[in-house]
Amino acid sequence: MFDPMASTGFEIVTRDDFSDLTFLLEIRHPMLAKAAKPGQFVIAMSHERGERIPLTIADYDRTKGTITLVIQAVGKTTKEMQRNCRAGTRLFAVTGPMGEPSRLSGRKKVICVGGGLGVAPIYPQARGFKEAGAHVIAVIGFRAKDLVFWHDKFAACCDEVIVCTDDGSAGVKGNVTAGLGLAIGRHKDVDEVVAIGPPVMMKACAETTKPHGIKTTVSLNPIMVDGTGMCGGCRVKVGNEIKFACVDGPDFDGHRVDFGDLMVRLKRFAAEEKAALERWSESCRMADRPQPPAAASPPERP
Amino acid sequence: MADRKKKKTIRTIPRDRAPVREQAPGERVRNFAEVTHGFRVEDALHEADRCLLCPDPVCVPGCPVNIDIPRFIAKISDKDYRGAYDVITETNLLPAVCGRVCPQENQCEGPCVVGDSYAPVAIGRLERFVGDMAIEKGWTSVPYVEPNGFKIGIVGSGPAGMACAADMAKAGCDVVVYEAFHVPGGVLRYGIPDFRLPNEVIDAEIDKLKMLGVRFECNTLVGRLFTIEQMIGELGFDAVFIGTGAGYPSFLGVPGDSLNGVLSANELLTRCNMMRAKDASYDTPLPLGSRVAVIGAGNTAMDAMRVCRRLGAEQVHCVYRRTRNEAPARAEEVHHAEEEGIEFHWLTAPVEILDDGKGGVRGMRCVRMELGEPDASGRRRPVPVAGSEHEFACDLVVVAIGTNANPIIGQTSKIKLDRRGYIEVDDDMATSLIGVYAGGDIVTGAATVIEAMGAGRKAAHSMKAYLCLRDTDAVYRSGPPPAAARLFGMDAAERNFARIRSA
């Protein structure tokens, strides 16, 4: 097969593990760092035979020329990245920034809600709103205290930070909707709520804000292939319309998104994903097993 | 050489086309290898012998890039295959591709006068013969190019972009082609399956562009990574060509459209062809069905059906609201699909896709259609037959009913678009931005590979004029000119050139 990037690829500058599931990769790509805006994403391939996966840009540093991706190891591709990606190794492909950037101007007071993996991508939005002159309240949710990350980064750019943990070991006990409810209770003049996280969480946030009539924006991350509007795999129902999350979004009006449809579509390849993960886990177990000295060990992909 | 002096007539040429060897249908539905084998030398000579070498050929205007067809066929008859290749590559850079994927029956072979009595000369197969031989022997037509210092950016590495890149590189420009995917080739790579156009052919044609000095930059989404305006401004391109293709597939707009068992042909083909999902060592998953319905009857629909067949679907059905006569696919593709056991349901249209209760598809509700009055496209408009609703069982629905304009360039630049979102160009393929040209599907909507290449070349012609470059389309033929063409001992081609003696 044609291989244009065999020796190049995209260098991983740093890796940081937040938990046994979540890790951060900082990737050198000066042009992308310069072009990226809050709300946008990239499509990455870890190796030549990998799949193309969409990952929200969690941060970018224009002077260093790097972008930051936060990845949750849940399937074959992301677990393989967790195993193989190190500082100094390279990703086969990183393309972006994709999607329409979030609209950040013209807001006086906003609440930025990030749950689980959504904490990372909500950060550039919170910072962007602050830079555009808004009063920013961040609501970030984690399972427990030891999984909390980037609290300091949010504290540095937000006027208020509400941490929520499922077990109450830090901040407010409960999920992000508890924190969101608290914030809405304290502030009657919120212009917009931006929520990023798993579909269930975004749906719950949209339901929380609906009675208050607060404009709510959610960032959708459906299954994608190309990320350029060419395949329609990422189509979502918004109101009565079909939209492609990759080029028409990823931000949509949370009160109009059909979350039920989105959740069904996210399970589209559930069986294939499960089988691929099992096959891969098995091959890892075989590779990790100490080899008898006589047998030649199979070459592992770098 | 001598026996060609005798003028050929319709009575003296062989009546029948040279036989074309194909993989047997039963065999080929189990593999992705190419269906149609190329001509052997004897087949090519036989077929070339069928050409009347008309002095005023009608096939040449039928070709979107005006290949000098009789001249290359005459070279084949002379067994000067390299010469034939040189004739084709004067105007068409990708003979191995076009010989395979052009709808020749509507282009060069349509008006062929031999076709009035017998089957027309198989021009496409001869072109492919020459193109394949060039790849096999490693021939290239790389002219000596004097760099002129101009920098050209091409957006999209599909057929339009490739054709434009080649012409600009031959004119001496420094050409960079940007591609959003991780591999170049555009629709040739993601859309057309291996059994119609093997990847090695695309690679070989791209390598030829690289030999001309064209650089390919993959993983680059123009518009988002940098805009068209930035290309002309801070990135220092002297001219830009946009050939991003149509993309953005249409869906049916009926209830059940977003079920998990419904996908666009583009998605199926991209997963299978470009992401190699059919190969278990690649990670991209592939939706499989045992009873597949493909909506539409264009080339993309035919490709999707034949891909599904090869992926192991027990039954593959084509559902089309008009009849076979209106089907836009190449005749050969419909024929091949029929041979491969695809069932055709003409005059049938889906009105609803039915849920299996788990987010998948259990079938469609369809209506029968009949043809009414001609519509704007000149084809008779299908109208539903009252009371003809029926259920159609299937577990995968592939939608191949066309595409809309890709919005990215429009979202990120001030370039003028038409009502439907395609880029607006004038007769010279110039857009509303100075120095920016466009062509192919992003201007016309979905069309053919060769039409896109024709548009790319036309744009290149205008770009050369814009940059005040000599038009390299005027081919200088080497060899001694006839005496009459010499004036005072000088070649007529050199007239008006002042000879300067260097000190």
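Residues numbered from 1 in each chain as written. Chains lettered and ligands numbered in written order. Predicted model: local features only at pLDDT ≥ 70, side-chain atom pairs only at ≥ 80, totals over all residues. Heavy atoms only, no water.

Caption draft 1: Region of the structure containing the pattern of salt bridges. All names here are of chain B. Taken as a whole and judged by the stated rule, the model has 53 salt bridges over all chains. Among the ionic pairs, arginine 40 bridges to glutamate 42, the shortest N-O distance being 3.7 Å. When salt bridges that share partners are traced, they join Glu22, Arg28, Arg196, Asp303, Arg306, Arg310, Arg330, Glu332, Glu333, Glu339 and Glu340 into one network. (Salt bridge = Lys/Arg side-chain N within 4 Å of Asp/Glu carboxyl O.)

Caption draft 2: Focus on the packing of aromatic side chains. With the rule as written, the count across this model stands at 17 aromatic pairs over all chains. Pairing A:Phe142 with A:Phe149 gives two aromatic rings, centres 5.5 Å apart and planes at 70 degrees, and the pair type is edge-to-face. Accessibility classification places A:Phe142 together with A:Phe149 in one group, the buried group. If you follow B:Arg310 out to its NZ or CZ, it ends over the ring of B:Phe195, 3.8 Å from the centre. (Phe/Tyr/Trp six-rings, centres within 6.5 Å; stacked < 30°, edge-to-face > 60°. Buried < 20%, exposed > 50% of the residue type's maximum accessible area, 1.4 Å probe, protein only. Lys NZ or Arg CZ within 6 Å of the ring centre and 35° of its normal.)

Caption draft 3: Examining helix H11 (residues 199-211) of chain B more closely. All names here are of chain B. In this model H11 runs 18 Å from its N-terminal to its C-terminal C-alpha over 13 residues, within 8% of the 18 Å that 1.5 Å per residue would give. All of the buried residues in H11 are Asn199, Val201, Ile202, Asp203, Ala204, Glu205, Ile206, Lys208 and Leu209. Count one or two residues on from H11 and you reach glycine 213, which has phi positive near 100 degrees. (Helix = DSSP H or I, 4+ residues; strand = E, 2+ residues; numbered from the N terminus. Expected span 1.5 Å × (residues − 1).)

Caption draft 4: Fine view of helix H6 (residues 199-209) of chain A. All of the buried residues along H6(A) are A:Pro199, A:Met201, A:Met202, A:Cys205, A:Ala206, A:Thr208 and A:Thr209. Buried residues along H6(A) sit in contact with strand S8 (109-115), helix H5 (176-186), strand S12 (192-196), strand S13 (215-219) and helix H8 (259-266) of chain A. (Contact = heavy atoms within 4.5 Å.)

Caption draft 5: Spatial organisation of the interface of chain A and chain B. Counting residues at the interface gives 53 residues for chain A and 51 residues for chain B. Of the roughly 4200 Å² buried at the junction of chain A and chain B (both faces included), carbon and sulfur atoms supply 57%. Here chain A and chain B share four salt bridges between them. Here B:Arg224 ties to A:Glu100 by a salt bridge, and the two come within 2.9 Å at their closest N and O atoms. At the junction of chain A and chain B, the tally comes to 21 residue pairs in polar contact (both at pLDDT 80 or more). Of all the elements in the fold, those that place two or more residues in the side of chain A that touches chain B are helix H1 (30-35), helix H2 (76-84), strand S7 (93-98), strand S14 (235-238), strand S15 (241-244), helix H7 (245-248) and H8 of chain A. Looking at the side of chain A that touches chain B element by element, the count peaks at six residues for S7(A). In terms of residue class, the side of chain A that touches chain B is made up of 24 nonpolar, twelve polar and 17 charged. (Buried area = accessible area lost by both parts, 1.4 Å probe. Polar contact = N/O pair within 3.5 Å; in protein donor to acceptor, adjacent residues only side chain to side chain. Nonpolar A, V, L, I, M, F, W, Y, C, P; charged D, E, K, R; others polar.)

Caption draft 6: Broad picture of the packing of H2(A) against helix H9 (residues 270-288) of chain A. Residue and element names in this part refer to chain A. Across the interface, H2 lies against H9 with an axial gap of 9 Å and an inter-helix angle of 25 degrees. One way to sum up the angle between H2 and H9 is to call them roughly parallel. Contact with H2, carried on its side by Lys76, Lys79, Glu80 and Arg83, involves Ala276, Leu277, Trp280, Cys284, Ala287 and Asp288 of H9 and no other residues of that element. Here the contact of H2 with H9 is built from residues that sort into five nonpolar, no polar and five charged. (Axes fitted to C-alpha atoms, helices over the stretch in contact; angles between N-to-C directions. Parallel < 35°, antiparallel > 145°, perpendicular 65-115°, else oblique.)

Caption draft 7: Fine view of the environment of A:Val110. Residues and elements named next belong to chain A. Within the element layout of this structure, valine 110 appears in strand S8. Look at valine 110 and you get buried, because its relative accessible area is 0%. Along the sequence, valine 110 and lysine 130 sit 20 residues apart, while their C-alpha atoms lie 9.3 Å from each other. Residues within four places of valine 110 in sequence aside, it is in contact with Phe129, Ala134, His135, Val136, Ile137, Val190 and Glu192.

Caption draft 8: View of the sheet that holds strand S14 (residues 436-438) of chain B. All names here are of chain B. With parallel pairing, the five strands of this open sheet are ordered in space as S3-S2-S1-S4-S14. Each edge of the open sheet carries a strand with a single partner, namely strand S3 (215-217) and S14. Strand after strand, the sheet turns through a mean of 20 degrees between neighbouring axes, direction not considered. Relative to strand S4 (residues 239-242), strand S1 (residues 151-155) is paired through four bridges, and the arrangement is parallel. Directly across from valine 155, in S4, lies its bridge partner isoleucine 242. Sitting on the sheet, helix H18 (residues 449-466) is in contact with S1, S4 and S14, with an inclination near 165 degrees to S4. (Pairing = 2+ DSSP bridges.)

Caption draft 9: Representation of the environment of B:Lys414. Residue and element names in this part refer to chain B. Positionally, lysine 414 belongs in the loop between helix H16 (408-412) and S14. Judged by its relative accessible area of 75%, lysine 414 is exposed. In the structure, lysine 414 is positioned 80 residues away from valine 334 in sequence and 42 Å away in space, judged by C-alpha atoms. Not counting the four nearest positions on each side in its chain, lysine 414 is found in contact with Glu229 and Ser432.

Caption draft 10: Spatial organisation of the nonpolar core. Within the largest apolar cluster, 79 residues are counted, with the highest numbers of intra-cluster contacts made by B:Ile69, B:Phe72, B:Ile76, B:Ile152, B:Met168 and B:Val175. Those residues in contact with B:Ile76 that lie beyond four places of it in its chain are B:Ala44, B:Leu45, B:Ala48, B:Tyr81, B:Ala84, B:Leu126 and B:Val130. Ranked by size, the runner-up nonpolar core spans 54 residues in total, among them A:Leu262, B:Ile353, B:Val397 and B:Ile408. (Core = buried A, V, L, I, M, F, W, Y, C linked by side-chain atoms within 4.5 Å.)

Caption draft 11: Molecular detail of the sheet that holds strand S6 (residues 90-91) of chain A. All names here are of chain A. Pairing within the open sheet is antiparallel, and its seven strands lie in the order S6-S1-S2-S5-S4-S3-S7. The outermost strands of the open sheet, each flanked by one partner alone, are S6 and S7. Looking at chain direction, strand S1 (residues 10-17) and strand S2 (residues 22-28) are connected through five bridges and run antiparallel. What sits directly across from threonine 14, in S2, is glutamate 26. Those strands touched by H2 are S1, S2, strand S4 (53-61), strand S5 (66-72) and S6, and its axis lies near 70 degrees from that of S2. Packing against the sheet, helix H3 (residues 119-131) makes contact with S4 and S5, and its axis sits at approximately 45 degrees to S4.

Function cannot be inferred from these measures alone, as they are strictly geometric.
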